[in-house]
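One letter stands for each residue in the lines below.
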Amino acid sequence: MTHCTRTAEKSLQFAPVTFPIANILTVARIIMIPLVVVLFYMDQHWAKAATGWIFILAAVTDSLDGYLARKLGQMSALGAFLDPVADKLMVAVALILLVSYDPPMLEFIKFDPHTLITLTAAVIVGREITISALREWMAEVGARGKVAVSSIGKVKTIFQMTGLSMMLFREDVWFIPAFELGFYCLVAAAALTLWSMVVYLRAAWPDLMRSGVK
């Protein structure tokens, strides 16, 4: 064995395995999800605020990992897979927690808040399932770009994450009625969710019809 060969093998054997910082943030966001669940069901008074703050931290990493991946040139197939998975897990788990919770009465709307939250959650989850299936199908026919994330989807995400964060506090923050304001943000997110779904379906409709899908 030549010296060059031994050097190359040694270099290959001890080469560090790199894991982009963007992917680390995404994985950290996934790890925060069970932490939010545990804190949500704890009896300690401080756990309510901790639940909200942990979710806010997770939501911040949602924006930060994508920015860092583009800024540092660390785009990867793993990151492209994990990022939407982490986002959908966060939203789905938060909605399930809130639906399982007996919410306080709303001041500005005289209606059963639990029913309103359940309907809003059903709209958001139903839309996510529909658009995920649509994007998968459009990718198969080579038209994935037609249903890429739009500006409406980004605004929807802002309202959604803000609303869920505030609702997870489950009590007023100082003099601010966080839960109720968060609920209105979530309703706005649900409305934008339906709007964006219509936009995506209209963009994909010619390809659906051309392929014989009814």
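As shown above, the structure is provided for reference.
Residues numbered from 1 in each chain as written. Predicted model: local features only at pLDDT ≥ 70, side-chain atom pairs only at ≥ 80, totals over all residues. Heavy atoms only, no water.

Peer 1: I keep staring at the packing of aromatic side chains and nothing clicks. Help me out?
Peer 2: Two descriptors summarise a pair of aromatic rings, namely the distance from one centre to the other and the angle between the planes of the rings. Across all of its chains, the model carries five aromatic pairs by this definition. With a centroid separation of 5.7 Å and 85 degrees between ring planes, the pair formed by Trp53 and Phe169 is classed as edge-to-face. Of this pair, Trp53 sits in helix H3 (residues 46-71) while Phe169 is found in helix H6 (residues 151-169), placing the two residues 116 residues apart along the sequence. Its relative accessible area of 8% is what places Phe169 among the buried residues. Following the ring pairs from residue to residue traces out a cluster consisting of Phe40, Tyr41, Tyr101 and Phe179. Directly above the aromatic system of Tyr200 lies the positively charged group of Arg135, at a separation of 5.0 Å from the ring centroid. Cation over ring: Arg170 sits above Phe40, and NZ or CZ is 3.9 Å from the ring centre. (Phe/Tyr/Trp six-rings, centres within 6.5 Å; stacked < 30°, edge-to-face > 60°. Helix = DSSP H or I, 4+ residues; strand = E, 2+ residues; numbered from the N terminus. Buried < 20%, exposed > 50% of the residue type's maximum accessible area, 1.4 Å probe, protein only. Lys NZ or Arg CZ within 6 Å of the ring centre and 35° of its normal.)

Peer 1: Teacher, can you tell me more about helix H4 (residues 77-99) here?
Peer 2: In an α-helix, one turn spans 3.6 residues; hence positions three or four apart end up facing the same way. For H4, with 23 residues, the first-to-last C-alpha span of 34 Å sits near the 33 Å given by 1.5 Å per residue. What H4 keeps buried is the set Gly79, Leu82, Ala86, Asp87, Met90, Val91, Ala94, Leu95, Leu97 and Leu98. Looking at the buried positions of H4, the neighbouring elements they touch are helix H2 (21-40), H3, helix H5 (113-140), H6 and helix H7 (178-210). (Expected span 1.5 Å × (residues − 1). Contact = heavy atoms within 4.5 Å.)

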